[in-house]
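Working through the structure, step by step
Listed here are the chains, written in short residue letters.
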Amino acid sequence: MQLLARSIALAYNNLPRPHRVMLGSLTVVTLAVAVWKPFVYHTDQDSYQSKPISKQVLLDTQQVRSLLPEASEPIDDNDSPPATDIPKDELDDKTENETGVHEYVVSTGDTLSSILNQYGIDMSDISALAAQNTELRNLKIGQQLSWTVNDDGELQRVTWEKSRRETVTYDKSGSGFKASTQTLKGEWQDKVLKGTLDGSFVSSAKDAGLSNAEIGAVVKALQWQMDFKKLRKGDQFSVLMSREMLDGKSQQSELSGVHLRSGGKDYYAIRADDGKFYDRSGSGLARGFLRFPTLKQYRVSSNFNPRRMNPVTGRIAPHRGVDFAVPIGTPVLAVGDGEVVVVNGGGAAGNYVAIRHGRQYMTRYMHLRKALVKPGQKIKRGDRIALSGNTGRSTGPHLHFEVWINNIAVNPLTAKLPRSEGLSGKDLRDYLATVREVMPQLKI
Ligand SMILES: [Zn+2]
């Protein structure tokens, strides 16, 4: 089968482009039908291997032609450039997670499967984990989940921080997951760390006694208010950390609040019970994101799929974004406030634009006819950044759109994006009580 796939791929590459497009499209339909059928009608392995494919080969031209409207679906060869295209700075070292570890704070409406699914974790992995460990149905707002996957994107380990004292780890074992509970023995202590900028924020924060992880937490908490590169000598900061101490050493820590004074202005971010940061009055700090990068909502022609099989080469080639069937020349909008970091052309992605939003978010827009922005340009949510097109490796007009959170591509249609809502009701009252407690400690 592999040999066959390889020789087909070779022959395919020698064809002129229009033929390639047509053949590629036909292959997609053929494979789609071949793969789809067995899941519906045959559940045992044997019939999956043989029957449907041989049946499919017998499809006559008439039948194939009847499927063609779908076959003309624009597809891209999903060779989106790696995220290493994006220029990095000193702050990135501090805000990036430990390699391969994905972190997430549980928020309203989340379930184990909705969280993992938006990161492209396979449903079979999620069910294997959830079936054996039913307590995972009781995720609470503000708790932290982290997980690791192997090179094939299979879930290896999930860590659930139930409380500051108790963490449960689930390790892949055979076809299931084995749970183990760790109870922390240290004491949580509050510590205020203050400093004045002399050089970069990172070096000044280190001098004040913050660890790398703590600097990362501060930068993330203030990401929507502050461009840390713009801080100047003499700017002051005060940070309240809660640290778990054992034998005089900090085991782990949590940022409770930060106050920064820059150019005579005061900026605050204080943590609420939901694990998010708000300003002194309980307003949300992030300006919300648009879900779609166009004025009107277009049909999805290809979904986010980190394990997508390339129909031609038979290899796994992740589709890190979602494709919208958008006519050429449609205005493409920035989904959030941010800074243009890449405007590029020529590769498989065609003309493309990448935008950074705060420190943790990035969006990319590909196969554009024309970019309307320049690298370094600051943009607002809803700004026109490009006109859509069909450039690069693409078989028809469409817009390929990606969302990255903490350097991981997520499903743009389901990912939790920053929202601008503040707190209300009891949450707000609780928060304001916290603010009254924390603010005096953050005096500069
Ligand atoms: Zn695509």
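Okay, so let's go over this structure. (Residues numbered from 1 in each chain as written. Predicted model: local features only at pLDDT ≥ 70, side-chain atom pairs only at ≥ 80, totals over all residues. Heavy atoms only, no water.)

Notes on the sheet that holds strand β5 (residues 176–183)
Where we set the bar: Criterion used throughout: strands pair if DSSP finds at least two bridges between them. Only runs of H or I of at least four residues qualify as helices and only runs of E of at least two qualify as strands under DSSP, and these elements are numbered from the N terminus. For helices, the axis comes from a line fit to the C-alpha atoms of the stretch in contact; other axes are also lines fit to C-alpha atoms, and the angle between any two N-to-C directions lies between 0 and 180 degrees. Only heavy atoms matter for contacts: two residues are in contact if any of them lie within 4.5 Å across the pair.
Read across the sheet, 5 strands follow the order β1-β2-β3-β4-β5 without closing on themselves; strand pairing throughout is antiparallel. Each edge of the open sheet carries a strand with a single partner, namely β1 (101–105) and β5. Adjacent strand axes in the sheet meet at a mean angle of 20 degrees when their direction is disregarded. Judged from the 6 bridges that link them, strand β2 (residues 144–149) and strand β3 (residues 155–161) form a sheet pairing that is antiparallel. When the bridges of β3 are listed, Thr148 appears paired with Arg157. Helix α9 (residues 123–132) rests against β3, β4 (166–173) and β5 of the sheet, and its axis sits at about 55 degrees to β5.

Overview of the environment of Ser242
The condition is simple: Under the rule applied, a polar contact is a pair of N or O atoms within 3.5 Å (in protein, one hydrogen donor and one hydrogen acceptor; residues adjacent in sequence only if both atoms are side-chain atoms).
The residue Ser242 is located in strand β7 (residues 236–246) in this model. Counting along the chain gives 52 residues from Ser242 to Asp190, while the straight-line C-alpha distance between them is 4.4 Å. Residues contacting Ser242, with those up to four places away along its chain left out, are Arg164, Trp188, Gln189, Asp190, Gln252, Ser253, Glu254 and Ser256. A distance of 3.5 Å separates polar atoms of two side chains, one belonging to Ser242 and the other to Asp190.

Description of the packing of aromatic side chains
Convention followed: Ring pairs are drawn from Phe, Tyr and Trp, using the six-membered ring of Trp, whenever the two centres fall within 6.5 Å, and their geometry is named by plane angle: stacked under 30 degrees, edge-to-face over 60, tilted for the rest. For a Lys NZ or an Arg CZ to count as sitting over a ring, it must be within 6 Å of the ring centre and within 35 degrees of the ring normal.
The final tally for this structure, using the stated rule, is 10 aromatic pairs. Each ring, one from Phe292 and one from Phe324, has its centre 5.9 Å from the other, and the planes form 75 degrees; the classification is edge-to-face. Placement of Phe292 in the loop between β10 (277–278) and β11 (300–302) and of Phe324 in strand β12 (residues 322–324) is noted, with a sequence separation of 32 residues between them. Judged by centre distance (5.4 Å) and plane angle (35 degrees), the rings of Tyr365 and Phe401 are tilted. Here Tyr365 is found in strand β16 (residues 361–371), whereas its partner Phe401 is found in strand β19 (residues 399–405), with 36 residues between them in sequence. In textbook terms, an aromatic cluster arises when at least three aromatic residues are bridged by ring pairs, as seen for Tyr104, Tyr119 and Trp147. Geometry around Trp188 places Arg164 over its ring, the cationic atom sitting 4.2 Å from the centre.

Re helix α12 (residues 425–438)
A turn of α-helix holds 3.6 residues, and therefore any two residues three or four places apart point the same way. Heads up, the rule is: Here, expected helix span is obtained from the residue count minus one, scaled by 1.5 Å. Exposure classes here rest on a 1.4 Å probe applied to the protein chains alone. A residue is buried below 20% of its type maximum, exposed above 50%, and partly exposed in between. Comment: arc refers to directions from the helix axis out to C-beta atoms.
Spanning 14 residues, α12 covers 20 Å between terminal C-alpha atoms, matching the ideal 20 Å at 1.5 Å per step. Those residues of α12 that fall on the buried side of the exposure criterion are Tyr431, Val435 and Val438. When α12 is viewed along its axis, its buried side chains cluster within an angular range of 70 degrees and face the same direction. In α12, the exposed positions that point more than 90 degrees away from the buried face belong to Lys426, Arg429, Arg436 and Glu437.

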